[in-house]
Amino acid sequence: MSDRLDEMFKLQLNQQKNWMNICSLTDEEKDEHLLRVSMHMMGEVHEYMDSRGYKKHKIWDDRHPRSSRIMELVDIQKYLLTAALIEGVSAQEWFDVFIEKTKIVDDRWNQDQAEWSDKSGIIACDIDGVLADYK
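In this text, all values refer to a predicted model and were calculated from it rather than measured experimentally.

Participant: Please give an account of the overall build of the protein that cites residues and values.
Facilitator: For the protein, the count of helices and strands is four helices and two strands. What you see in the protein, going N to C, is helices and strands ordered as α-α-β-β-α-α. Taking the intrachain contacts of the protein between residues at least 6 apart in sequence as the baseline, contacts between residues at least 24 apart amount to 62%. Of the roughly 11,000 Å² of accessible surface on the protein, 56% is carried by carbon and sulfur atoms.

Participant: Please provide a residue-by-residue account of the packing of helix α2 (residues 27–51) against helix α3 (residues 66–86), values included.
Facilitator: It is at 9 Å that the axes of α2 and α3 come closest, and there the two elements cross at 165°. Between α2 and α3, the crossing angle belongs to the class labelled roughly antiparallel. Here α2 runs over α3; the crossing is left-handed. Taken together, the residues of α3 that come into contact with α2 (itself represented by Lys30, His33, Leu34, Val37, His40, Met41, Glu44, Val45, Glu47, Tyr48 and Ser51) are Arg69, Glu72, Leu73, Asp75, Ile76, Tyr79, Leu80, Thr82, Ala83 and Ile86. Of the residues contributing to the contact of α2 with α3, the split by class is 11 nonpolar, four polar and six charged.

Participant: Could you give me a rundown of a nonpolar patch on the surface, with the residues and numbers involved?
Facilitator: Taken together, the side chains of Leu35, Met39 and Met42 present a nonpolar region at the surface, about 330 Å² in accessible area. Relative to the helices and strands, Leu35 is located in helix α2. Judged by its relative accessible area of 55%, Leu35 falls in the exposed class.

Participant: If you had to explain the pattern of salt bridges to someone new, which residues and values would you point to?
Facilitator: Applying the stated criterion across every chain, the model contains three salt bridges. The residue Arg36 makes a salt bridge to Glu32 at a minimum N-O spacing of 3.1 Å. You can see Arg36 and its partner Glu32 sitting in helix α2, four residues apart, about one turn around the helix. The partner of Asp107 in a salt bridge is Lys103, with the nearest N and O atoms 2.9 Å apart. Separated by four residues within a single helix, Asp107 and Lys103 lie in helix α4 (residues 91–116), roughly one turn from each other. What makes Lys103 exposed here is its relative accessible area of 52%.

Participant: I'd like a rundown of the environment of Met41, residues and numbers included.
Facilitator: Within the secondary structure, Met41 is located in helix α2. Each C-alpha atom, one on Met41 and one on Lys78, is 8.5 Å from the other, the two residues being 37 residues apart in sequence. When near neighbours in sequence (up to four residues on either side) are disregarded, Met41 contacts Ile76, Tyr79 and Leu80.

Participant: Give me the lowdown on helix α1 (residues 3–16), citing residues and values where you can.
Facilitator: If you check α1, its first and last C-alpha atoms are 20 Å apart, about what 14 residues at 1.5 Å a residue would give, namely 20 Å. Every buried residue of α1 is listed here: Leu5, Phe9, Gln12 and Gln16. Axial view of α1: buried residues confined to an arc of 65°, hence all on one face. Looking at α1, the residues exposed on the side facing more than 90 degrees away from the buried face are Asp3, Arg4 and Leu11. At the N-terminal end of α1, a side-chain oxygen is found 3.0 Å from the backbone nitrogen of Arg4, two or three residues along, and the residue is Ser2.

Rules of the game
Residues numbered from 1 in each chain as written. Predicted model: local features only at pLDDT ≥ 70, side-chain atom pairs only at ≥ 80, totals over all residues. Heavy atoms only, no water. Helix = DSSP H or I, 4+ residues; strand = E, 2+ residues; numbered from the N terminus. Contact = heavy atoms within 4.5 Å. Areas by Shrake-Rupley, 256 points an atom, 1.4 Å probe, with all protein chains shown as cover. Axes fitted to C-alpha atoms, helices over the stretch in contact; angles between N-to-C directions. Parallel < 35°, antiparallel > 145°, perpendicular 65-115°, else oblique. Left-handed = near helix turned anticlockwise from the far one by under 90°. Nonpolar A, V, L, I, M, F, W, Y, C, P; charged D, E, K, R; others polar. Patch = residues over 30% accessible without salt bridge, like charges linked within 9 Å, V, L, I, M, F, W, Y side chains within 5 Å. Salt bridge = Lys/Arg side-chain N within 4 Å of Asp/Glu carboxyl O. Buried < 20%, exposed > 50% of the residue type's maximum accessible area, 1.4 Å probe, protein only. Expected span 1.5 Å × (residues − 1). Arc of directions from axis to C-beta. Polar contact = N/O pair within 3.5 Å; in protein donor to acceptor, adjacent residues only side chain to side chain.

So, in structure tokens, the structure goes:
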């Protein structure tokens with residue numbers, strides 16, 4: 001595991017202490033704080049999309065500079081790391097579960113591809129997406 005990931009976790013934990021010591025929260029306080037963290041993180045996701053010039057009906061050409069967009073992504077990550085810290089997740093555990101989840105997603109993808117590449121001769125048409133949710 002990268003020492004840099006461990007450093008990021010430590011930096012976020014130390015910065016979080018400016019607002020509250022999340023290590024001493026009760027389970028009820030954790031639930032309440034995680035709700036606020038999640039809401040703020042969703043706000044940051046919206047700010048990121050705005051920085052890309054995204055609106056539901058179109059994507060604008062006047063995006064913010066790349067450096068600003070990266071800053072918005074880091075804002076999202078800081079809230080995500082705070083949630084992980086509230087849950088008591090260590091940098092090593094985060095890394096290990098990331099690797100495990102990546103393997104699960106890859107395995108599912110490969111399984112789906114194998115199922116769809118089966119040459120059974122069946123042809124189906126689902127124009128409105130009712131029967132299947134697949135590209």
